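Take a look at the letters that make up each chain.
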Amino acid sequence: MDGSVAYLVAAVGCLVGIAGVVIALIALARQRRKPRPAASGDPFRDTDADALRGDPRTLKPGDLVEIRQVSYAIRGSVHLVEGAWSWAEHLLDDAGGAKRWLSVEEDPDVELVLWTAEPGATVTPGAPTLDFAGRRYSWEESGQARYSATGTTGLDPSGTVRYHDYRAQGGARLAFEAYGEAGWEVAVGEPLLRSEVMIYPQAGPGQVA
């Protein structure tokens, strides 16, 4: 009888030990699968401006934007990527018939530029400096990016774009873009202060107004 009791005690002890090992392994596996905390955002980002005036990085077709007290609807958006760099350009519905774009780029702060197309321009890119409309522009950067377009832009849904960017004293911009096999499109740009832009997001599919 004593031998049987001793055997049972030993068996129970082994089972308890095995259960403890299993529990420890499960806890370790859960710990390994625990998601890592998200990377912290820019500590200097102006979240107050985003809350009061809307976040320009979230603009999409259908949204309304007020620039220098003039209201526009966003007809389409183009998102561009070059290596680790990305930016967006939004086609504005201008009641006056002019083709205007709003570009949004983080460098590292959000940079907003209002662009006006110059379809009659005959100037071409490549030179270190260019004179256009009474201003002298200096070459800033050039490259090739991939893009994806949504809404109404007049572009294919995706493709590549070549670009040359120039800048004048005071911050005025001159840009050349060639989408796919098309020729150069020319636009002049005016940098905008964050306080000059107000965004009114519109509810899209699956969103609540």
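Quick caveat: nothing in here was measured; it's all calculated off a predicted structure.

**Student:** So what's going on with unusual backbone geometry? Residues and values would help.
**Tutor:** Omega for the peptide link from Asp 107 to Pro 108 comes to -10 degrees, which places this bond in the cis form. Located in the positive-phi region is Arg 68, a residue other than glycine, with phi close to 50 degrees. Judged by relative accessible area, Arg 68 falls into the partly exposed class, the value being 36%. Even without a glycine there, the phi angle at Ala 133 is positive, about 55 degrees. Along the chain, the position of Ala 133 falls in the loop between strand E6 (129–132) and strand E7 (135–151). For Ala 133, a relative accessible area of 71% puts it in the exposed group.

**Student:** An account of the packing of aromatic side chains is requested, with residue identities and associated values reported.
**Tutor:** Going through the model one piece at a time under the given rule, you end up with four aromatic pairs. For the pair Tyr 147 and Tyr 179, a centre-to-centre distance of 5.1 Å together with 85 degrees between the ring planes defines the contact as edge-to-face. Note that Tyr 147 is positioned in strand E7 and Tyr 179 in strand E9 (residues 173–179), a separation of 32 residues in sequence. Accessibility classification places Tyr 147 together with Tyr 179 in one group, the buried group. Ring centres of Tyr 166 and Phe 176 lie 5.9 Å apart, and the angle between their planes is 75 degrees; on these two criteria the pair is classed as edge-to-face.

**Student:** So what's going on with the pattern of salt bridges? Residues and values would help.
**Tutor:** Considering all chains together, one arrives at eight salt bridges under this definition. For Glu 190, the salt bridge identified is with Arg 68, shortest N-O distance 2.9 Å. In this pair, Glu 190 is assigned in strand E10 (residues 185–192) and Arg 68 in the loop between strand E1 (64–67) and strand E2 (70–82), connecting sequence segments 122 residues apart. With relative accessibility at 35%, the residue Glu 190 sits in the partly exposed group. Close ionic contact of Arg 173 with Glu 111 constitutes a salt bridge, the shortest N to O distance being 3.3 Å. Here Arg 173 is found in strand E9, whereas its partner Glu 111 is found in strand E5 (residues 110–117), with 62 residues between them in sequence.

Rules and cut-offs
Residues numbered from 1 in each chain as written. Predicted model: local features only at pLDDT ≥ 70, side-chain atom pairs only at ≥ 80, totals over all residues. Heavy atoms only, no water. Buried < 20%, exposed > 50% of the residue type's maximum accessible area, 1.4 Å probe, protein only. Helix = DSSP H or I, 4+ residues; strand = E, 2+ residues; numbered from the N terminus. Phe/Tyr/Trp six-rings, centres within 6.5 Å; stacked < 30°, edge-to-face > 60°. Salt bridge = Lys/Arg side-chain N within 4 Å of Asp/Glu carboxyl O.

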